[in-house]
Amino acid sequence: MKRVCLLFITVILCGFFAMGTRAHAEETPHLRIWFSQYEAENEALRRIASDYEALTGVSVEVVSRINIFNAVSDLVNNATLDTRPDIVFMQAPDIGTLVASGYLEPLTPMIDQDIRDRFTEVALSAFRLDGEIYGVGYSVDSYGLIYNKDIISESELPETWADFFALAAEKTVFDGATPVIHGALLNARDMWFNYPIIRNYGGYYYGTYPNGDYNPYDVGLDQAGMLDYVAKMQEAMAQGIVLTNRIHGESEIVSRFANGKVGMMIYGLWYASILQERGIDYGLASLPDQDDGTTSRALTTVQGFVVNRFSLQQAQSLDFLEYILEDANQQLLIEAGNDHDRKLGTRNPANIAVSQSDYIQSSEILSSLSALNDETEPFPNLPEGPIWYNYTTTVFQSIFFPLSGAVDPEAKLGELAEKIRDDVRLMNLQVERIEIPSYVYMIICLLIVTGLIIYIIRGRIQNKRCPSYLQKPRWKQTLLAWGLILPLMVLLLVFYVYPIFHNMYLSLTDYSGINLREYGLIGFANYRDIFVKGFQGLVSMSVWTLSFATCVVVVSFILGVLIAFMLKQSHVKIAKIYRIIFILPWVIPTVITLLMWQGLLETENGLVNQILSLIGIPHIPWLSHPWIAKVSTIMVMTWFSFPYFMVIASGLIQAIPKDYYDAAKVDGANAFYTFFSITLPLVFRAMIPTLIMSFIMQFNQFGVYILTGGGPAADKIGDPGATDLLITYVFNTAFNTNRYAVAAAYSVLIFVFIAIFALLSIRITRKVADNG
């Protein structure tokens, strides 16, 4: 009794101590800021935080980040948790969905005239949405005209875009039909860096309302001048100043520039360290003016600080943000971000005093980059802003690199603009919500409880009717067993059962990028859209997904068993060596292997086509032709899968009685007959459960997306690509238009199909076992 009382008192004292500690923690303000992927910047901010704590007594925790692109999803997941950030460093284009869902605190009251005078206009306008300012820019990710001084002198720099193309053509040097020096090099599939050129010809992304806000329904990519842009890029391609490989991009341009093969490129200083290491004498200049004399403006992303609306320390968060924005602190951060004396150009200050400091002005590159801040156009920060990412690369690729026959640019650009407008409409579609009375939930709970009671009573009755030796033990006898499996059951409920039912619930709501918090039930509207508007795509994807999974499993199984059978017939030492070699595809990390295959199967420079060309076989479009790409994906995924079957089959083959083979040999059976009549059937029967699981895994195989990106693209923009599986299309649906509820509905359909398939397979397996 004394021990019990002592234990009780100890628990009470510990509780009071914990409460006191928590109360003390709540009395002491503590801020958390998510900042940079560069540790030098984080250390600089920690010094600033230390100075701030010395002044105010408020401690600040600076959290390093892997990259800035995860800021939105991470904030949504952590905004109201105990680990919530108070201040977040993020890109201005990403604030749209957060503002729509109420995650960001408006900073307009804090932005006084002093801050407006100390920061460039783009530092604030990039974070302005619906009349409010939600952040302050720290670094302006702008770009300009980077030129190689050994090829183009400063005095030769073009004044207009017409001069740019003329100078680029003049400086391009050919060796036969191959350009060895490019006067300039552009990527025809790109829209980000080519946007100033697109604007020069009258095209634009989103128009604006009279008050300056973006109008997402005004898409200017189908303007008449866009046809002139297409014609100009096609002409430039013939002149050797546009990439001619359909899969090459900006990394190829930077690589050739770093090797001294390019005179001019439209880019930023993100790879300045590489250019310095290669010894390239380069300069950075303003973009050429438009042909009508107006200033060209680069499409720009601004990175800055926003405040979590759910911060428990709002006043201190705003105060610390103002402290960060002081000129001296901005100077400290910018110097750290540019690696101090190396002055890489990684960070371009939005603070005017820092831009005018000796640190910036003493560097030709940094001062030139800073001067570009007034020649920028912020990327649209409304929720519909990123839509063009989903389609422009594919559309421009089809125009400039058609797979078969010529493509009508006017029709394709019109389809592109209309698809973007259609996605904007879908993102803003308001479906009438369903109000479910509270008594309905009570009835559902009552039915569930009643069902459980009936199930338990029915089980007890059946148990009593059984002979004593077949009766299940009483619950008191199995209490220890239930206690032992309880942790596992909790884990299964939390990580498997709950997500399934939660996903089903989301599929019945209007959960989306603009309804991340205040979403509600809309019934089966999402399923209606799938079966009515997207039925054709659903059928085509389902057929291809079934065909893909079946082919991969069947071929992998036969190949794996065949190799295991052949190794069994081989010399023991040789078999061990080959077994190790064959198992390598299963051991090497998937992403690395898929990227390797992507390079091997590349049409122009892939190793496979280079080897085939040696024997006179022309280049095969392994990943760019719809049907060949399907075969390629099956081939690559089979290469991944067969070692798994080989390992399992090796053990099963060892267990097959030798008498079977001896009898077949006496009857005159050859190796082919022996394999298909004895080995394969026996191994197949033993591996039926494994084959079922493999089929389910291939049905949800996301590696295809890493290999092909779902392409080649369909003829109609937005339709599933040639190699899109159901799972990859769900991914695109979720992240292209942020229609998460529709993606949830697709995933429910996949789950139902897989569940039905698994249940039928289990039943068939049992029948086979019973009859065997």
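Computed from a predicted model, the values in this text were never measured in an experiment.

### A closer look at the packing of helix α17 (residues 392-400) against helix α18 (residues 409-427)
To describe two helices that pack against each other, one gives the angle between their axes and the distance between the axes.
Moving on, step 1. It is the contact of α17 with α18, at a shortest axis distance of 10 Å, that shows an interaxial angle of 170°. In terms of orientation, α17 lies roughly antiparallel with respect to α18. In this structure, α17 uses Thr392, Val395, Phe396, Ser398 and Ile399 to contact α18, whose residues at the interface are Pro409, Lys412, Leu413 and Leu416.
Moving on, step 2. Here the contact of α17 with α18 is composed, by residue class, of 6 nonpolar, 2 polar and 1 charged.

### Notes on the domain arrangement of the chain
Moving on, step 1. By domain assignment, the chain separates into domain 1 (25-140 + 302-378), domain 2 (144-267 + 387-427) and domain 3 (537-736).
Moving on, step 2. Computed from C-alpha coordinates alone, the two centres of domain 1 and domain 3 are separated by 49 Å.

### Notes on unusual backbone geometry
Excluding glycine, residues mostly carry a negative phi; peptide bonds, for their part, are mostly trans.
Moving on, step 1. A positive phi angle, near 60°, is found at Asp339, a position not held by glycine.
Moving on, step 2. Residue placement: Asp339 occurs in the loop between α13 (327-337) and α14 (352-355).
Moving on, step 3. Unusually for a residue other than glycine, His340 sits at a positive phi of about 55°.
Moving on, step 4. With respect to the helices and strands, the residue His340 is situated in the loop between α13 and α14.
Moving on, step 5. The class of His340 is partly exposed, set by a relative accessible area of 36%.

### Points about the side chain of Asn245
Moving on, step 1. As for its position among the elements, Asn245 is in the loop between α9 (225-238) and α10 (250-258).
Moving on, step 2. A polar atom in the side chain of Asn245 sits 2.9 Å from the backbone nitrogen of Ile247.
Moving on, step 3. In this structure, Asn245 is in contact with Phe401, Glu602, Glu604 and Asn605, ignoring residues within four places of it in sequence.

### Section: the nonpolar core
Moving on, step 1. Grouped together as the largest cluster of nonpolar side chains are 140 residues, with contacts concentrated most on Phe320 and Ile420.
Moving on, step 2. Two domains each provide a minimum of three residues to this core, namely domain 1 (25-140 + 302-378) and domain 2 (144-267 + 387-427).
Moving on, step 3. In this structure, Phe320 is in contact with Leu31, Ile33, Leu45, Ala49, Tyr52, Val60 and Ile87, ignoring residues within four places of it in sequence.
Moving on, step 4. With 43 residues, the next largest nonpolar core counts Val553, Ile656, Phe699 and Leu726 among its residues.

### Considerations on helix α16 (residues 364-371)
Moving on, step 1. Most of α16 sits out of view: 6 of its 8 residues are buried.
Moving on, step 2. Looking at α16, one finds that the buried residues are Ile365, Leu366, Ser367, Ser368, Leu369 and Ser370.
Moving on, step 3. On its buried face, α16 sits against β13 (282-285), α14 and α15 (358-361).

### Details of the packing of helix α22 (residues 535-569) against helix α29 (residues 688-699)
Moving on, step 1. Direction vectors running N to C along α22 and α29 enclose 135°, while the axes themselves pass 9 Å from each other. Here α22 lies oblique to α29, going by the angle between them. In this structure, α22 crosses over α29, and the sense of that crossing is right-handed. Residues Thr545, Leu546, Phe548, Ala549, Thr550, Val552, Val553 and Phe557 of α22 form the contact with α29, whose participating residues are Leu691, Ser694, Phe695, Gln698 and Phe699.
Moving on, step 2. Split into classes, the residues belonging to the contact of α22 with α29 amount to 9 nonpolar, 4 polar and no charged.

### Quick look at the pattern of salt bridges
A side chain of one charge can pair with a side chain of the opposite charge when the charged atoms of the two come close.
Moving on, step 1. Enumeration over the complete set of coordinates arrives at 23 salt bridges.
Moving on, step 2. The residue Glu39 makes a salt bridge to Arg46 at a minimum N-O spacing of 2.8 Å.
Moving on, step 3. Overall, Glu39 belongs to the partly exposed group, its relative accessible area being 40%.
Moving on, step 4. Classification of Arg46 by relative accessible area gives partly exposed; the value is 27%.
Moving on, step 5. For Glu43, the salt bridge identified is with Arg46, shortest N-O distance 2.9 Å. Residue Glu43 and its partner Arg46 are located together in helix α2 (residues 39-56), separated by 3 residues, close to a single helical turn.

### Thoughts on the sheet that holds strand β12 (residues 264-267)
Sheets are built from strands that pair by backbone hydrogen bonding, the pairs being arranged parallel or antiparallel.
Moving on, step 1. Taken in spatial order, the 3 strands of this open sheet run β12-β7-β13, and their pairing is antiparallel. The open sheet is flanked by β12 and β13, the only strands paired with a single partner. Neighbour-to-neighbour, the strand axes of the sheet open up by a mean angle of 30°, direction not taken into account.
Moving on, step 2. Bridge count for strand β7 (residues 144-148) against β12 is 4 bridges, and the pairing is antiparallel. Bridged to Leu145 within β12 is Ile266.

So, how was this worked out
- Per chain, the residues get numbers from 1 upward, laid out in the order the sequence is written.
- This being a predicted model, a pLDDT of at least 70 is required before a residue's local features are given, and a value of 80 or more before pairs of side-chain atoms are given or counted; all residues contribute to the totals for chains, interfaces and linings.
- Only hydrogens and water are set aside when side-chain values are computed; all heavy atoms of the structure are taken into account.
- For helices, the axis comes from a line fit to the C-alpha atoms of the stretch in contact; other axes are also lines fit to C-alpha atoms, and the angle between any two N-to-C directions lies between 0 and 180 degrees.
- Comment: elements are numbered from the N terminus, with helices defined as DSSP H or I runs of at least four residues and strands as E runs of at least two.
- If an angle is under 35 degrees, it is roughly parallel; if it is over 145, roughly antiparallel; if it lies from 65 to 115, roughly perpendicular; otherwise it is oblique.
- Note on definitions: a residue-residue contact is assigned when non-hydrogen atoms from the two residues lie within 4.5 Å.
- Under the scheme applied, nonpolar residues are Ala, Val, Leu, Ile, Met, Phe, Trp, Tyr, Cys and Pro; charged residues are Asp, Glu, Lys and Arg; polar residues are all the others, including Gly.
- The domain limits used here are those given by an automatic or database domain assignment.
- Per-residue accessibility, obtained with a 1.4 Å probe over protein chains only, is compared with the maximum for each type, and a residue is labelled buried under 20%, exposed over 50%, and partly exposed between these values.
- Any pair of nitrogen or oxygen atoms within 3.5 Å is treated as a polar contact; in protein, a donor-acceptor pairing is required on top of that, and neighbouring residues in sequence qualify only through side-chain atoms on both sides.
- Remark: nonpolar core denotes a set of buried residues (Ala, Val, Leu, Ile, Met, Phe, Trp, Tyr, Cys) joined through side-chain atoms within 4.5 Å.
- Two helices that cross are described as forming a left-handed crossing if the nearer one is turned anticlockwise from the farther one by less than a right angle, and a right-handed crossing if clockwise.
- In what follows, salt bridge is the name for a side-chain nitrogen of Lys or Arg lying within 4 Å of a carboxyl oxygen of Asp or Glu.
- The criterion for strand pairing is that DSSP finds at least two bridges linking the strands in question.

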